[in-house]
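Secondary and tertiary structure notes
One-letter residues, chain by chain:
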Amino acid sequence: MMNASPPDLPSSDTRPGDRTLALFIQAVEDYAIFMLDPTGHVASWNAGAQQIKGYAPDDIIGRHFSVFYTPDDLAARKPQDELDRAARDGRVEDEGWRVRKDGSRFWANVVITAVRDAQGTLVGFAKVTRDLTERLRVAELERSRALAARAHIAREDEQRRMARELHDDLGQQLVALKMDVGVLHKDLMAADTNPRAMLRTERVLSMIDTIIGSVRRIASDLRPPLLDDLGLAAAIEWLANDFEQRHAITVTARVNLGAIEMNGPAASSLFRIVQEALNNVVRHAGATRVTVDLDTGDRALALRIADNGVGAQLGAERDPASFGLLGMGERVHLLGGAIAFDSTPGHGFRISISVPIDAVAARD
Ligand SMILES: Nc1ncnc2c1ncn2[C@@H]1O[C@H](COP(=O)(O)OP(=O)(O)OP(=O)(O)O)[C@@H](O)[C@H]1O
Ligand SMILES: [Mg+2]
């Protein structure tokens, strides 16, 4: 249905082609295409304009085009500003909310082009408006989907982090406790003088096992406190001494941090890795010697932990409840580094890690 008058074309000698073009513009429904006079009053109106903005030609022709703008834009004098810019630059493009006849809003892409006659006198403006509300809705939907995905990843990261902390902190202490009680139990068995105490320690051992099981399920948020006070080199040294004293293992730690100052999360990660590796040596290796080497080069930090114990069959089916080696891999991955395990049964176990310096150095 075409109930609007054809747009006033600036040319006086209307050719047949111009007439066709005018009818074509008139019929377009997907774009609001209309003319404004030099002062911004609506001079023509097409089917698309009616569809998008809701005004019939009789309602709008002769009225100022500022009725399409929101109160905020009116307060900012946006309609006049856009006409001024179009007159000055030839063309202005804008995207924003516009108002329909019924007061509802739509997200519009607007292009205003200044129209001049052969002498260069401004005769009006051609205005093309597209309704992008649907596109905006889709874009917003996509954005909220991306946000939801990011939140999901963040939540997973957080859960992993909590699980790791739980395993590395409380878990390690419980392992140490269990070993001490185990020694006590053995002593009592050897003395064989206090069967009640022996039974008690057996119960304590099984309780510790239960707690270790619980700890694996419950999340908590802890950081190695001694790292904050001492720094990584001293913390690793302390750890090595502690292991040597507790267990019949010679621990040799060589830590060379060079001139770099390390950032907190990286130091914490490396400390946890060494701690888990030493715990594994005690629990699985039956080793007499273990070395920890941390060396800092120009571009990478290298960490190697090697023992002379029974070793393990690599690539064998992993216990799904085992978290240690997996957690190490994750920490290294987060630092953008690489980790390798190397072992053959009877010939010890070696862990080699390389991390880019940029990932461990403190940022200022
Ligand atoms: N130094 C080692 N010597 C021999 N075997 C090892 C050594 N370190 C790890 N392993 C083997 O690799 C397995 C996986 O180790 P991982 O640290 O992932 O799990 P876990 O120590 O068994 O349990 P968790 O660390 O979750 O308490 C161990 O069960 C053990 O068989
Ligand atoms: Mg382990």
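Structure shown above.
We now turn to the structure provided with this report. Keep in mind that what you see is a predicted model, and the values were worked out from it rather than measured.

Helix and strand counts for the protein stand at 13 helices and nine strands. Counting across all 364 residues of the protein, residues that qualify as buried make up 38%. Once local pairs closer than 6 in sequence are excluded, the contacts in the protein between residues at least 24 apart make up 56%. When the accessible area of the protein is evaluated, it comes to approximately 20,800 Å², of which 54% is carbon and sulfur surface.

Ranked by size, the top nonpolar core spans 38 residues in total, and within it Leu-232, Met-262, Val-274, Leu-278, Leu-303, Ile-305 and Val-360 carry the most contacts. Elements supplying a minimum of two residues to this core: helix 10 (232–246), helix 11 (264–285), strand 6 (289–296), strand 7 (300–307), helix 12 (324–334), strand 9 (349–356) and helix 13 (357–360). Looking at which element gives the most residues to this core, the answer is helix 11, with 10 residues. Not counting chain neighbours up to four residues away, the residues in contact with Met-262 comprise Leu-232, Leu-257, Ala-267, Leu-270, Leu-301, Val-360 and Ala-362. If you look at the next biggest cluster of nonpolar residues, it comprises 21 residues, including Ala-32, Val-42, Trp-45 and Tyr-69.

The next thing to look at is helix 10. Its 15 residues give helix 10 an end-to-end C-alpha distance of 21 Å, which sits within 8% of 21 Å, the value for a rise of 1.5 Å per residue. Three or more residues of helix 10 are buried, namely Leu-232, Ala-235, Ile-236, Leu-239, Ala-240, Asp-242 and Phe-243. Buried positions in helix 10, seen along its axis, are confined to an arc of 165° and lie on one side of it. Set apart from the buried face of helix 10 by more than 90 degrees, the exposed residues are Glu-237 and Gln-245.

A sheet is described by the order of its strands in space; here five strands give the open sequence 5-6-7-9-8, paired in mixed fashion. In this open sheet, the two edge strands, each paired with only one partner strand, are strand 5 (250–256) and strand 8 (338–343). With strand direction ignored, the average angle separating the axes of adjacent strands in the sheet is 5°. For strand 6 and strand 7, the ladder comprises seven bridges, and the chain directions are antiparallel. Note on strand 7: the bridge partner recorded for Leu-294 is Leu-303. Along the sheet face, helix 11 touches strand 5, strand 6, strand 7 and strand 9 and points at about 15° away from the line of strand 7.

Those donors, Glu-276 (OE) and Asn-280 (OD1), are the protein atoms that reach the magnesium ion (ligand 2), and they lie 2.0 to 2.1 Å from it. Of this pair, Glu-276 and Asn-280 both sit in helix 11, separated by four residues, roughly a single helical turn. Judged by relative accessible area, which is 4%, Glu-276 ranks as buried. Using a relative accessible area of 16% as the deciding quantity, one classes Asn-280 as buried.

Looking now at helix 11. In this model, helix 11 (22 residues) spans 30 Å end to end at C-alpha, consistent with the 32 Å of a helix rising 1.5 Å per residue. The element helix 11 is largely enclosed, with a buried count of 17 among its 22 residues. Between the side-chain oxygen of the N-cap and the backbone nitrogen of Ala-266 there are 2.9 Å, and the N-cap of helix 11 in question is Asn-263. Within two residues after helix 11, Gly-286 carries a phi angle of roughly 60°, on the positive side.

Relative to the helices and strands, Thr-70 resides in the loop between helix 3 (57–60) and helix 4 (71–75). Judged by its relative accessible area of 5%, Thr-70 is buried. Considered as a pair, Thr-70 and Arg-100 are 30 residues apart in the sequence and their alpha carbons are 9.8 Å apart. Those residues in contact with Thr-70, other than ones at most four positions away along the chain, are Trp-97, Val-99 and Arg-105.

Conventions used here
- Here the residue index of a chain counts from 1 through its sequence in written order.
- Each chain is given a letter, starting from A, and each ligand a number, starting from 1, according to the order in which they appear as written.
- It should be noted that, the model being predicted, local features are given only for residues of pLDDT at least 70 and side-chain atom pairs only at 80 or more, the latter also being counted only at that level, while totals for whole chains, interfaces and linings use all residues.
- The side-chain figures draw on all heavy atoms in the structure; neither hydrogens nor water molecules are used.
- What counts as a helix is a DSSP run of H or I of at least four residues, what counts as a strand is a run of E of at least two, and both are numbered from the N terminus.
- Accessibility here uses a 1.4 Å probe with only protein chains present; expressed as a share of the type maximum, an area under 20% marks a residue as buried, one over 50% as exposed, and anything in between as partly exposed.
- Should any heavy atoms of two residues lie within 4.5 Å, those residues are counted as being in contact.
- Exposure was quantified through the Shrake-Rupley algorithm and a 1.4 Å probe, taking into account, for residues, occlusion by the shown protein chains and nothing else.
- We call a set of buried residues a nonpolar core when its members are Ala, Val, Leu, Ile, Met, Phe, Trp, Tyr or Cys and they connect through side-chain atoms within 4.5 Å of each other.
- Given the number of residues in a helix, its expected span is that number minus one, multiplied by 1.5 Å.
- In this context, the arc is that of the directions from the helix axis out to the C-beta atoms.
- At least two bridges found by DSSP between two strands are what make those strands a pair.
- For helices, the fitted axis covers only the stretch in contact; all axes are lines through C-alpha atoms, and the angles between them, taken along N-to-C directions, range from 0 to 180 degrees.
- Water is absent from the atoms considered, so a metal site may look incomplete; donors are defined as N, O and S atoms within 2.8 Å of the metal, or 3.2 Å for Na, K and Ca.
- Polar contacts, as counted here, are pairs of nitrogen or oxygen atoms within 3.5 Å of one another; within protein the pair requires one atom able to donate a hydrogen and one able to accept it, and residues that are adjacent in sequence qualify only if both atoms are side-chain atoms.

Everything listed here is a matter of coordinates, which is why it stays silent on function.
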